[in-house]
Amino acid sequence: QVQLVESGGGLVQAGESLRLSCAASGIRFSINDMGWYRQAPGKQRELVARIFTDGSTNYANSVKGRFTISRDNAQNTVYLQMNSLKPEDTAVYYCHTHVDYWGKGTLVTVSS
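Worth saying up front: this structure is predicted, and the values here are computed from it rather than measured.

S.K.: Before we go on, may I ask you to explain the nonpolar core in this structure?
M.R.: Soluble globular proteins tend to pack their nonpolar side chains together in the buried interior. Core analysis: the biggest nonpolar cluster contains 27 residues, and Trp36, Val78, Leu80, Met82 and Tyr93 have the highest contact counts within it. Within the residue set of this core, elements represented by two or more residues are strand S3 (18-25), strand S4 (34-39), strand S5 (46-51), strand S7 (67-72), strand S8 (77-82), strand S9 (91-97) and strand S11 (106-111). Top element by residues in this core is S3. It accounts for 4 residues.

Below, the structure is given as structure tokens:
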């Protein structure tokens, strides 16, 4: 059984930080590319950040310089450090693995 469980979402004010975690089970985590996506109300889901098996990363322009994706293969966990949060970052954030499984999401709400 594949399971991705996100945590760390919450309500913060603009300029504050959050760290999201995604704990994976049922997959060979270390050989899977991982990603964070988000979906705001009334909007399509969009890619936020990806981290590949070699540790290289890719970011959406809207979060570049503010967010950092990382992974801990020993803990089967991928993280998203979100700094300098803006109201437009408000969304449900989803964890994804390249073998095409999704978590249920964690809600991030940023007030100005």
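Next comes the rest of the description.
S.K.: Got a minute to help me understand the environment of glutamine 13 in this structure?
M.R.: Note on placement: glutamine 13 falls in strand S2 (residues 11-13). The sequence separation of glutamine 13 and alanine 91 amounts to 78 residues, and the corresponding C-alpha distance is 14 Å.

S.K.: Would you mind going over the environment of serine 111 with me for this structure?
M.R.: Relative to the helices and strands, serine 111 is located in strand S11. With sequence-adjacent residues up to four places away left out, serine 111 is seen in contact with Leu11, Val12, Gln13, Ala14 and Pro87.

S.K.: In this structure, what is going on with the packing of aromatic side chains? I would like to understand it.
M.R.: In total, this model carries 1 aromatic pair according to the counting rule given. When the ring of tyrosine 37 is compared with that of tryptophan 102, the centres are 4.9 Å apart and the planes differ by 65 degrees; the resulting orientation is edge-to-face. Here the residue tyrosine 37 occupies a position in strand S4, and tryptophan 102 occupies one in strand S10 (residues 101-102), the gap between them amounting to 65 residues. The buried category is assigned to tyrosine 37, whose relative accessible area is 18%. Judged by its relative accessible area of 29%, tryptophan 102 is partly exposed. Geometry around tryptophan 102 places arginine 45 over its ring, the cationic atom sitting 3.7 Å from the centre. Sitting over the face of the ring of phenylalanine 29, arginine 71 holds its NZ or CZ atom 4.6 Å from the ring centroid.

S.K.: Teacher, can you tell me more about the state of the cysteines here?
M.R.: Here, the word disulfide means a covalent bond between the sulfur atoms of two cysteines. In this structure the tally under the stated criterion is 1 disulfide. With its sulfur 2.1 Å from that of its partner, cysteine 22 forms a disulfide with cysteine 95. The sign of the S-S torsion, about -80 degrees, decides the handedness of the disulfide formed by cysteine 22 and cysteine 95: left-handed. Placement of cysteine 22 in strand S3 and of cysteine 95 in strand S9 is noted, with a sequence separation of 73 residues between them. In this pair, the class of cysteine 22 matches that of cysteine 95, namely buried.

S.K.: I'm lost on the side chain of threonine 106 in this one. Help?
M.R.: Assignment of secondary structure puts threonine 106 in strand S11. Of the polar contacts made by the side chain of threonine 106, one reaches the backbone nitrogen of glycine 9; its length is 3.1 Å. When neighbours within four sequence positions are excluded, threonine 106 is seen to be in contact with Glu6, Ser7, Gly8, Gly9, Leu20, Ala91, Val92 and Tyr93.

What counts, and at which threshold
Residues numbered from 1 in each chain as written. Predicted model: local features only at pLDDT ≥ 70, side-chain atom pairs only at ≥ 80, totals over all residues. Heavy atoms only, no water. Core = buried A, V, L, I, M, F, W, Y, C linked by side-chain atoms within 4.5 Å. Buried < 20%, exposed > 50% of the residue type's maximum accessible area, 1.4 Å probe, protein only. Helix = DSSP H or I, 4+ residues; strand = E, 2+ residues; numbered from the N terminus. Contact = heavy atoms within 4.5 Å. Phe/Tyr/Trp six-rings, centres within 6.5 Å; stacked < 30°, edge-to-face > 60°. Lys NZ or Arg CZ within 6 Å of the ring centre and 35° of its normal. Disulfide = S-S within 2.5 Å. Polar contact = N/O pair within 3.5 Å; in protein donor to acceptor, adjacent residues only side chain to side chain.

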